[in-house]
Amino acid sequence: QTEVIGTANLGSFRGARDSQIPGMKKGWLTSGRPGIRTAHLMHEAHGFVEMDFDYGQDSGASGLQFPGDTNCSDAAEVINCRCTIVYQFE
């Protein structure tokens, strides 16, 4: 589960970022299932943010650009995450 979610979100994030569509923003979407981490609820509460926004700042981690990002400095943010990344265009 961890590998699939992270890989799917990585592909989505890279494709969206590389498209360079003006005004594109990203958002964190939790699964809505029981057991969502408090930090992930905080990430979702940001709404849509700039593409380079680091969600890790909420939890003291760094390098968390999207759910399942293996560049994150805190594995607890990534392991068994069921969240996904979504986009908004202005």
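**Quick look at the overall build of the chain**
Then, number 1: Summing up its helical and strand segments, the chain has 2 helices and 2 strands in all.
Then, number 2: Scanning the chain from its N terminus toward the C terminus, one meets helices and strands in the order α-β-α-β.
Then, number 3: A compact globule built from 90 residues should have a C-alpha radius of gyration of about 12 Å, and the chain, at 12 Å, falls within 12% of that.
Then, number 4: Taking the principal axes of its C-alpha atoms as reference, the chain extends roughly 35 × 25 × 25 Å.
Then, number 5: Going through the 90 residues of the chain one by one, you find that 34% of them count as buried.
Then, number 6: Across the chain, contacts joining residues at least 24 apart in sequence account for 59% of those joining residues at least 6 apart.
Then, number 7: Roughly 5000 Å² of accessible area belongs to the chain as shown, and the carbon and sulfur atoms make up 53% of that amount.
Then, number 8: Averaging the positions of the 7 positive and the 11 negative side-chain charges in the chain gives two centres separated by 6 Å.

**Remarks on the pattern of salt bridges**
Then, number 1: Evaluated as defined, the whole model comprises 3 salt bridges.
Then, number 2: Notably, a salt bridge pairs E50 with K25, separated by 3.5 Å at the nearest N-O pair. Of this pair, E50 sits in the loop between α2 (38-45) and β2 (84-88) while K25 sits in strand β1 (residues 25-29), and the two are 25 residues apart along the sequence.
Then, number 3: Given a relative accessible area of 19%, K25 falls into the buried group.
Then, number 4: Put simply, K25 and E90 hold a salt bridge, and the shortest N to O gap is 3.5 Å. Remark: E90 occurs in the segment after β2 and K25 occurs in strand β1; sequence separation between them is 65 residues.
Then, number 5: Judged by its relative accessible area of 69%, E90 is exposed.
Then, number 6: Each of K25, E50 and E90 takes part in salt bridges that share partners, so that together they form one network.

**Points about the side chain of K26**
Then, number 1: Along the chain, the position of K26 falls in strand β1.
Then, number 2: Put simply, K26 is tucked away with no salt bridge, and the nearest opposite charge, on D52, sits 6.8 Å away.
Then, number 3: A polar contact is formed between the side chain of K26 and the backbone oxygen of Q65, at a distance of 2.7 Å.

**A few points about the pairing of β1**
Then, number 1: Burial analysis of β1 places 4 of its 5 residues in the buried class, which makes it a mostly covered element.
Then, number 2: As judged from the 5 bridges shared by β1 and β2, these two strands associate in the antiparallel manner. Note on β2: the bridge partner recorded for L29 is T84.

**Concerning the environment of G68**
Then, number 1: Summarising the element assignment, G68 is placed in the loop between α2 and β2.
Then, number 2: When the C-alpha positions of G68 and G32 are compared, they lie 16 Å apart, and in sequence the two are 36 residues distant.
Then, number 3: Apart from the residues lying within four places of it in its own chain, the contact partners of G68 are G6, V78 and C81.

**Focus: the packing of aromatic side chains**
Here a ring pair, both rings aromatic, is described through the centre-centre distance and the interplanar angle of the planes.
Then, number 1: Within the structure shown, the criterion is met by 3 aromatic pairs.
Then, number 2: Clustering of aromatic rings is evident, with ring pairs tying together W28, F53 and Y55.

The rules behind each value
- Residues numbered from 1 in each chain as written.
- Predicted model: local features only at pLDDT ≥ 70, side-chain atom pairs only at ≥ 80, totals over all residues.
- Heavy atoms only, no water.
- Helix = DSSP H or I, 4+ residues; strand = E, 2+ residues; numbered from the N terminus.
- Rg over C-alpha atoms; globule rule 2.2 N^0.38 Å.
- Buried < 20%, exposed > 50% of the residue type's maximum accessible area, 1.4 Å probe, protein only.
- Contact = heavy atoms within 4.5 Å.
- Areas by Shrake-Rupley, 256 points an atom, 1.4 Å probe, with all protein chains shown as cover.
- Lys, Arg positive; Asp, Glu negative; His and termini not counted.
- Charge placed at Lys NZ, Arg CZ, Asp CG, Glu CD.
- Salt bridge = Lys/Arg side-chain N within 4 Å of Asp/Glu carboxyl O.
- Polar contact = N/O pair within 3.5 Å; in protein donor to acceptor, adjacent residues only side chain to side chain.
- Pairing = 2+ DSSP bridges.
- Phe/Tyr/Trp six-rings, centres within 6.5 Å; stacked < 30°, edge-to-face > 60°.

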